[in-house]
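So you can see what is in the structure, the chains are spelled out below.
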Amino acid sequence: MEEKRMEALDYHTEERRKAEFNLEEMKIVWAGSRRIYDISDRMARLVASDPVFRKDNRTKLSRKDLFKDTLRKAAHAWKRIIELRLSEEEANMLRSYVDQPAFTDLHWGMFIPAIKGQGTNEQHEKWLPMAYKMQIIGCYAQTELGHGSNVQGLETTATFDPQTDEFDIHSPTLTSSKWWPGGLGKVSTHAVVYARLITDGQDHGVHGFIVQLRSLDDHLPLPGITVGDIGMKYGSGAYNSMDNGLLRFDHVRIPRIQMLMRVSQVTREGKFVQSDVPRQLVYGTMVYVRQTIVSDASRALARAVCIATRYSAVRRQFGSQNGAPETQVIDYKTQQSRLFPLLASAYAFRFVGEWLKWLYTDVTQRLQANDFSTLPEAHACTAGLKSMTTSVTADGIEECRKLCGGHGYLANSGLPELFAVYLPTCTYEGDNVVLLLQVARFLMKTVSQLGPGTKLVGTTAYMGRAEHLMQCRCEVEIAQDWLKPSVILEAFEARAVRMSIACAKRVGNFSNPEDGFAELSPDLLLVATAHCQLIVVSKFIEKLQQDIPGKGVKRQLEILCNVYALNLLHKHLGDFVSTGCITPKQGALANEQLRLLYSQVRPNAIALVDAFNYTDHYLGSVLGCYDGNVYQKLYQEAWKDPLNDTVVPDGYLEYIQPILKQHIRTARL
């Protein structure tokens, strides 16, 4: 066993010596800045060194014990935040490194932003101080048993009673039960509840209301409120630490002033009026939430890739000749062709996430100045990137599990729980297929507006060059030509434009465009995907145009950018060839160049995942541990399983011994 331990340690030490770039500078590039790196590093180590935040036993806990453990960690985190006087940024990072879904995620991530985005100044003054001090704990109660993506189909009602100046909140049907909101099941004292606003018999659509659910004295549900947890979810540990809830209202009355009234109001007399504040401001919150999801996608994918890369360098299989060591799994081209594109994707998603933060700031400033010109494009962009990055990340985590062979299936590899906890991201905050169809609808509208004088902004600006992109021919003659950013970018732009215009023409052939949209929806998903992939490629290329310090750092990022782009071209070769963007020969040259790029990634692979700067605590993986001491740790972890508490298993006398001794009684039929 000691030989295995030393062998593994030598692997990672030697691998790190191969790096062709400055690791510390790459860590800063990954973090976004030296300041963010310092905060992140400090918070990660603070959590890792605190025994309250241990998580190695999480998958073995019962649901009740897991939930109580979550409450304990959330309370301890809040205690440490107060004791250390952490900033909001530092507190958010600390909670993320605790790495256990909890009610606080929804309180800080949805409840408070909803009030800030949709509440009036007076409502801010009343509710936000209590929320920031956690004197109340809130959740976001939108999804119902019968409706999720179709928000306009929600059935919960909020009927105004002018005699009492109150809203009557009611669940008229079983399917109107609120279903899924995190933090609702057992913890939240308040919720932003979305319900159909009804005044004088008229339905004004879905609006938000602040509703108290539980007593602040004994935590019991208030009269008229039925609330509980919806039950176990996918996987062990994982998202089962969250109390996703169900909620029904039986004519619960709240004051009129608890309707979120920044965008629209109901007067004392019961008149529904729109405020001077444009309704589009609501989209600002949506952009914020989705940009955080994209950033989280890069973090989750990076965790899985870090585990798979480190283990692939430790694991040896086959290839031994004349007593020499077997071949490291990471040296097999089949392993590289599956692993390195995911490594490149983690970096790509990180950089597009940074750009989305800028976009959110830009959109917010424009909205405050009553400039809504970029809003439709920003909404479509964030919807598409949320969909694409979360789908790729969920699939990528599972691929990393497969890349780790049989050991990847062990809970202590960290990958099964990471997969289970990440999966719901593909559904919440917009089902990924529904979001891509929204992007496709936006693209079809953009194509319909193409013509002289049309000014396109942001990520659709390339469509303003549609005439050129419809006719251009790829100039690749040798494999190295695919390393030119301009060549890659034009190929992706031409593919996106040609697919959009071709699909728009086919939709236009239907007498009813909506029928065409429905019939061609599978094709439209491909159109939206092509557009989103172009955005990520273009933002990666833009990142490389910045001043990037550090020896060899920019060179490694260029290699990863090319891997990301050419792997997409390889996977979607049919799109590029069928639309005439490239020839089959040029596609073959791209594949040739891609194989060469894998060889350039190889010596830097371990250092590239080290740049994520994840502690062993955060990774939570025996296979991905920093020191590479995999086999000894696997052996030690096996003996910690409760089944090994006894040598002879419970149930031996009742069930196994009778079989062995052939003392089983048989019944006569």
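All values derive from a computational prediction rather than experimental measurement. (Residues numbered from 1 in each chain as written. Predicted model: local features only at pLDDT ≥ 70, side-chain atom pairs only at ≥ 80, totals over all residues. Heavy atoms only, no water.)

Some thoughts on helix α16 (residues 521–544)
Between its terminal C-alpha atoms α16 stretches 35 Å, which fits the 34 Å expected from 24 residues at 1.5 Å a residue. Buried residues dominate α16, accounting for 18 of its 24 residues. (Helix = DSSP H or I, 4+ residues; strand = E, 2+ residues; numbered from the N terminus. Expected span 1.5 Å × (residues − 1). Buried < 20%, exposed > 50% of the residue type's maximum accessible area, 1.4 Å probe, protein only.)

What about the nonpolar core?
Ranked by internal contacts, the top residues of the largest apolar core, which has 141 residues, are Tyr-347, Trp-482, Leu-557 and Phe-612. Top element by residues in this core is helix α9 (residues 333–368). It accounts for 16 residues. Counting 28 residues, the second largest nonpolar core, distinct from the first, contains Phe-67, Ala-114, Ile-210 and Tyr-239. (Core = buried A, V, L, I, M, F, W, Y, C linked by side-chain atoms within 4.5 Å.)

Things to note about the UniProt feature "domain: Acyl-coenzyme A oxidase N-terminal" (unreviewed entry) in the protein
Taking the numbering used here, the UniProt-annotated feature "domain: Acyl-coenzyme A oxidase N-terminal" (unreviewed entry) corresponds to residues 22–137. Along residues 22–137, the helical share is 72% and the strand share 0%, with 44 Å between the first and last C-alpha atoms. (UniProt positions renumbered as here; feature names shortened; annotations may be inferred.)

Some words on the UniProt feature "domain: Acyl-CoA oxidase C-terminal" (unreviewed entry) in the protein
Under the UniProt annotation, "domain: Acyl-CoA oxidase C-terminal" (unreviewed entry) lies at residues 485–661. Helix makes up 71% of residues 485–661 and strand 0%. Its end C-alpha atoms lie 73 Å apart.

As for the sheet that holds strand β8 (residues 245–249)
Overall, antiparallel pairing links the 3 strands, which are arranged β4-β8-β7 in an open sheet. The sheet terminates laterally at β4 (178–179) and β7 (225–229), the two strands that pair on one side only. Bridge analysis of β4 against β8 gives 2 bridges, and the strand direction is antiparallel. Directly across from Trp-179, in β8, lies its bridge partner Leu-246. (Pairing = 2+ DSSP bridges.)

Considering the side chain of Ser-500
Assignment of secondary structure puts Ser-500 in helix α14 (residues 485–508). Looking at Ser-500, its side chain comes within polar contact range of the main-chain oxygen of Ala-496, at 3.0 Å. In this view, Ser-500 contacts Leu-443, Met-444, Val-447, Met-463 and Val-527; residues no more than four positions away in its chain are not counted. (Polar contact = N/O pair within 3.5 Å; in protein donor to acceptor, adjacent residues only side chain to side chain. Contact = heavy atoms within 4.5 Å.)

Points about a nonpolar patch on the surface
Together, Tyr-655, Ile-656 and Leu-660 make up a nonpolar patch on the protein surface, roughly 340 Å² of accessible area in all. For Tyr-655, a relative accessible area of 59% corresponds to the exposed category. (Patch = residues over 30% accessible without salt bridge, like charges linked within 9 Å, V, L, I, M, F, W, Y side chains within 5 Å. Areas by Shrake-Rupley, 256 points an atom, 1.4 Å probe, with all protein chains shown as cover. Salt bridge = Lys/Arg side-chain N within 4 Å of Asp/Glu carboxyl O.)

A few points about the packing of aromatic side chains
Ring pairs (aromatic) are described by centroid distance and by the angle formed between their planes. By the definition in use, this model includes 19 aromatic pairs. Here the aromatic rings of Trp-108 and Tyr-132 are separated by 6.1 Å at their centres, their planes lie at 35°, and the arrangement is tilted. With a gap of 24 residues between them, Trp-108 in helix α6 (residues 103–118) and Tyr-132 in helix α7 (residues 121–132) connect regions that are remote in the sequence. For Tyr-132, a relative accessible area of 30% corresponds to the partly exposed category. The structure contains a cluster of three or more aromatic residues connected by ring pairs, namely Trp-30, Tyr-97, Tyr-347, Phe-351, Phe-540, Phe-612, Tyr-614 and Tyr-618. One cation-aromatic arrangement involves Arg-16 over Tyr-626; the distance from NZ or CZ to the ring centre is 3.6 Å. Positioned above the aromatic ring of Tyr-618, the side-chain terminus of Arg-303 is 4.2 Å from the ring centre. (Phe/Tyr/Trp six-rings, centres within 6.5 Å; stacked < 30°, edge-to-face > 60°. Lys NZ or Arg CZ within 6 Å of the ring centre and 35° of its normal.)

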